Amino acid sequence: DTAVSQTPKYLVTQMGNDKSIKCEQNLGHDTMYWYKQDSKKFLKIMFSYNNKELIINETVPNRFSPKSPDKAHLNLHINSLELGDSAVYFCASSRRVGQGAFNEQYFGPGTRLTVT
Amino acid sequence: RKEVEQDPGPFNVPEGATVAFNCTYSNSASQSFFWYRQDCRKEPKLLMSVYSSGNEDGRFTAQLNRASQYISLLIRDSKLSDSATYLCVVNMLNNAGNMLTFGGGTRLMVKP
């Protein structure tokens, strides 16, 4: 049973295209996240989202937008893809802040995006 | 200055060795601290939380020094399976969310 799943695992596309990455968690968590891990392996938060609030890392271009159809899903839409968007994108989930001292985040397996 | 800094390594050690990783963080408002492990081409997974009093989980010991804004991870009796990248992670809880800040990772390679 996969706790946090992402599709697709690999995505190769051309500059200028629009693409989406899907994420689902079956942990009953209230909060979901998107991270980007670049070629230098730095993992950076892009978004934090629960059913009340979307928090956006100010460095994320507005071509990126998360969409949550329900509490178990947080999809990532990317418009007008650029070469610099090539990276591994990880989805994660956790219990809502305040429901425990350490809200461990569980990560999905990642989506390797290559923009050509 | 990066928010969370780690020596990228790699640390090459023989099986059975003891190895220690250090990490410094810049934001004194950070509230929670973790070590995550990431295997090659895999997702990060929580290794252990880091408590103010220090904590141990089997062969792994984590220490936190808030005054110096410094976190450490000690691995005793290294196994081949310990080979991975170890990510130092801090969490500054705020009204908005549970935003983790990751260090760049320290790569460990345990040799037979």
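Residues numbered from 1 in each chain as written. Chains lettered and ligands numbered in written order. Predicted model: local features only at pLDDT ≥ 70, side-chain atom pairs only at ≥ 80, totals over all residues. Heavy atoms only, no water.

**Some points on the nonpolar core**
Core analysis: the biggest nonpolar cluster contains 23 residues, and Phe21(B), Trp35(B), Ile71(B), Leu73(B), Ile75(B), Tyr86(B) and Leu108(B) have the highest contact counts within it. In this structure, Ile75(B) is in contact with Ala17(B), Thr18(B), Val19(B), Phe21(B), Arg59(B), Phe60(B), Asp82(B), Tyr86(B) and Leu108(B), ignoring residues within four places of it in sequence. (Core = buried A, V, L, I, M, F, W, Y, C linked by side-chain atoms within 4.5 Å. Buried < 20%, exposed > 50% of the residue type's maximum accessible area, 1.4 Å probe, protein only. Contact = heavy atoms within 4.5 Å.)

**Focus: the interface of chain A and chain B**
Taken together, the contacts link 23 residues of chain A with 24 residues of chain B. For the pair chain A and chain B, the summed buried surface comes to about 2000 Å²; carbon and sulfur atoms form 61% of the total. Taken together, the links from chain A to chain B amount to zero salt bridges. Summed over the shared surface of chain A and chain B, the number is two residue pairs in polar contact (both at pLDDT 80 or more). (Buried area = accessible area lost by both parts, 1.4 Å probe. Salt bridge = Lys/Arg side-chain N within 4 Å of Asp/Glu carboxyl O. Polar contact = N/O pair within 3.5 Å; in protein donor to acceptor, adjacent residues only side chain to side chain.)

**A few points about the packing of aromatic side chains**
Two aromatic rings, taken as a pair, are described by how far apart their centres are and by the angle between their planes. Counting across every chain of the model gives 12 aromatic pairs over all chains. Ring centres of Phe90(A) and Phe107(A) lie 6.3 Å apart, and the angle between their planes is 80°; this geometry places the pair in the edge-to-face category. On the criterion of sequence distance, the pair formed by Phe90(A) in strand β9 (residues 87-94) and Phe107(A) in strand β10 (residues 106-107) is long-range, its members being 17 residues apart. You can call Phe107(A) buried: its relative accessible area is 7%. Between Phe107(A) and Tyr36(B), the ring centres sit 5.9 Å apart and the planes meet at 80°, which makes this aromatic pair edge-to-face. One end of the pair, Phe107(A), is in strand β10; the other, Tyr36(B), is in strand β4 (residues 32-38), on a second chain. Of the residues examined, Tyr36(B) reaches a relative accessible area of 1% and is grouped as buried. One aromatic cluster is present, built from ring pairs that chain together Tyr33(A), Tyr35(A), Phe90(A), Phe107(A), Phe34(B), Tyr36(B) and Phe102(B). (Phe/Tyr/Trp six-rings, centres within 6.5 Å; stacked < 30°, edge-to-face > 60°. Helix = DSSP H or I, 4+ residues; strand = E, 2+ residues; numbered from the N terminus.)

**Re the state of the cysteines**
Residues and elements named next belong to chain A. The full count for this structure, using the stated rule, is two disulfides over all chains. Residue Cys23 pairs covalently with Cys91 via a disulfide, S to S 1.9 Å. Given an S-S torsion of about -75°, the disulfide between Cys23 and Cys91 has left-handed geometry. Taken together, the positions of Cys23 in strand β3 (residues 19-25) and Cys91 in strand β9 put the pair 68 residues apart, joining distant regions of the chain. Note on Cys91: relative accessible area 0%, which makes it buried. (Disulfide = S-S within 2.5 Å.)

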